[in-house]
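Working through the structure, step by step
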Amino acid sequence: MRFRAKIVDLACLNHFSRIINTIAKLAKTCILRLTVCKLYFILSDKVANGGASMWCELCQGNFFDEFQMEGVAAEHNEIYLELVPENLSRALKTAQNAKAVKIKLTNKHCPCLRVAVELPSLSSSSRIVTHDIPVGVIPRRMWNDFREPSVPDFDVSIYLPVLKTMKNVVERMKNLSNFIVIEANLSGEMNLKIETDLVSVTTHFKDLGNPPWASEDGCQSSAQGRDLESMVEVCIDIKKLQQLLAGQQVNPTKALCNIVRKRIVHFILLHEEVSLQYFIPAVA
């Protein structure tokens, strides 16, 4: 099992760093899945137990100048590592003006991701700062626990308003309640609501648009034949939503959410070569 990679391009490095920062805000620990073409960051708190889950996917070719890996076996050419994303985020913070960053899986006293940051120096020799990030190697028999979560058959899919605006609204509401209701319909309207014994606050968004979700195999979401104006709602933990919005450094070109009535809300943030999915279950 081997893995080594190198980033030379500064823009790619900074972009990668922003993605890791976002993930560090969403997950205390996560699984890093490495394949020949892609990297995945996976958080699979069991949604059934009220935990949020995350699936972030990036094409390695858009970030790395060199990328070599050998998985656990020829027919299972993948590596699954458990790590604390905050540690990786901290290591990359030292790399803001780096000439190059090398990442390598090593095993000195325990398995580690070694992040070697080559910094520019005034002399001819370069300065290298090395961070060893402890990782756990996930055995093959547990890989199935980290498969891509299936997207539930949703009642409404809608584009999100500007995330910064949404974040500001949610930050203010967070001081008033622990729960928030998101409701949307098929006419591009979405409301964020909180209701307590003392106060009820609603923010309305309109003209957001609904994605054209007729999937390739011709099966539609359960939205077909429904009243376009009727609202579908889900009540979730406001902290989990705030975490997603506050940690956002990916600046998605497209952001949308799918709502399964009273069960789950599924956010999808897309930015060129990165997709981040985040699932927040309803509170009973």
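Look above for the structure.
What comes next is a walk through the structure. What you see is a predicted model; the values in this text were computed from it and never measured. Along every chain, residues carry numbers that run from 1 in the direction the sequence is written. Per-residue local features of the predicted model are confined to residues with pLDDT of at least 70, and side-chain atom pairs are confined, for both listing and counting, to 80 or more; whole-chain, interface and lining totals are unaffected and use all residues. Side-chain numbers come from the whole structure's heavy atoms, not from hydrogens or water.

1. Focus: the overall build of the chain
What counts is decided by this rule: For helices the rule is a DSSP run of H or I covering at least 4 residues; for strands it is a run of E covering at least 2, with both sets numbered from the N terminus onward. Remark: exposure states derive from per-residue accessible area (1.4 Å probe, protein chains only) relative to the maximum for the residue type, with buried under 20%, exposed over 50%, and partly exposed in between. Any two residues having at least one pair of non-hydrogen atoms within 4.5 Å are treated as being in contact.
Check the secondary structure of the chain and you find four helices and 18 strands. Each principal axis of the C-alpha atoms in the chain carries an extent, and together these give about 65 × 45 × 30 Å. A buried classification covers 48% of the 284 residues belonging to the chain. The long-range fraction of contacts in the chain, counting pairs at least 24 apart against all pairs at least 6 apart in sequence, stands at 64%.

2. Considering a positive patch on the surface
To be explicit about the condition: Patch building starts from residues that exceed 30% relative accessible area and form no salt bridge, then joins like charges within 9 Å and nonpolar side chains (Val, Leu, Ile, Met, Phe, Trp, Tyr) within 5 Å. Accessible areas in this description were obtained via Shrake-Rupley with a 1.4 Å probe; residue shielding takes into account the shown protein chains only. Whenever Lys or Arg places a side-chain nitrogen within 4 Å of a carboxyl oxygen from Asp or Glu, that contact is recorded as a salt bridge. Residues scored as positive are Lys and Arg, those scored as negative are Asp and Glu, and His as well as the terminal groups of each chain are ignored. Just so you know, the charge point we use is NZ for Lys, CZ for Arg, CG for Asp and CD for Glu.
The grouping of Arg4, Lys102, Lys104 and Lys108 at the surface amounts to a positive patch. Within the secondary structure, Arg4 is located in strand β1 (residues 2–7). The partly exposed category is assigned to Arg4, whose relative accessible area is 42%.

3. Quick word on helix α3 (residues 163–174)
This is how it is decided: One less than the number of residues in a helix, times 1.5 Å, gives the span that helix is expected to have. In this context, the arc is that of the directions from the helix axis out to the C-beta atoms.
With twelve residues, α3 should cover 16 Å at 1.5 Å per step; its first-to-last C-alpha distance of 16 Å lies within 8% of that length. Among the residues of α3, Leu163, Met166, Val169, Val170 and Met173 are the ones counted as buried. What you see down the axis of α3 is that its buried residues fit within an arc of 125°, all on one side. Residues of α3 that are exposed and point over 90 degrees away from its buried face: Lys164 and Arg172. Against β12 (179–184), β13 (190–195), β14 (200–205), α4 (238–246), β16 (254–260) and β17 (264–271) lie the buried residues of α3.

4. Focus on the packing of helix α1 (residues 10–26) against helix α2 (residues 85–93)
We apply this condition: Helix axes are fitted to C-alpha atoms over the stretch in contact, other axes to C-alpha atoms as well, and angles between N-to-C directions run from 0 to 180 degrees. Any angle from 65 to 115 degrees is called roughly perpendicular, while one under 35 is roughly parallel, one over 145 is roughly antiparallel, and all others are oblique. Two helices crossing with the near one rotated counterclockwise from the far one by less than a right angle form a left-handed crossing, whereas a clockwise rotation gives a right-handed crossing. Three classes are used: nonpolar for Ala, Val, Leu, Ile, Met, Phe, Trp, Tyr, Cys and Pro, charged for Asp, Glu, Lys and Arg, and polar for all others, with Gly counted as polar.
Following both chains from N to C, one finds α1 and α2 inclined at 150°, their axes separated by 8 Å at the closest point. Taken together, the axis directions place α1 and α2 in an arrangement best described as roughly antiparallel. Viewed along their axes, α1 and α2 form a crossing whose handedness is left-handed. Across from Leu13, Phe16, Ser17, Ile20, Asn21, Ile23 and Ala24 in α1, the residues of α2 making contact are Pro85, Glu86, Leu88, Ser89, Leu92 and Lys93. Here the contact of α1 with α2 is composed, by residue class, of eight nonpolar, three polar and two charged.

5. Re the pairing of β14
Our working rule: When DSSP locates at least two bridges between a pair of strands, those strands are taken to pair.
Looking at chain direction, β13 and β14 are connected through six bridges and run antiparallel. Bridge pairing links Lys193 to Thr202 in β14. Here β13 folds back onto β14 in antiparallel fashion, the turn holding four residues.

6. Some thoughts on the sheet that holds strand β10 (residues 136–137)
One open sheet accounts for nine strands, arranged β10-β6-β2-β3-β4-β18-β17-β16-β11; its pairing is antiparallel. Sheet topology places β10 and β11 (156–159) at the edges, where each strand pairs with a single neighbour. Pairing analysis gives six bridges linking strand β4 (residues 53–59) to strand β18 (residues 274–281), with the strands arranged antiparallel. Paired with Leu58 across the strands is Val274, a residue of β18. Across the sheet, α1 is in contact with β2 (30–34), β3 (38–44), β4, β17 and β18; its angle to β4 comes to roughly 170°.

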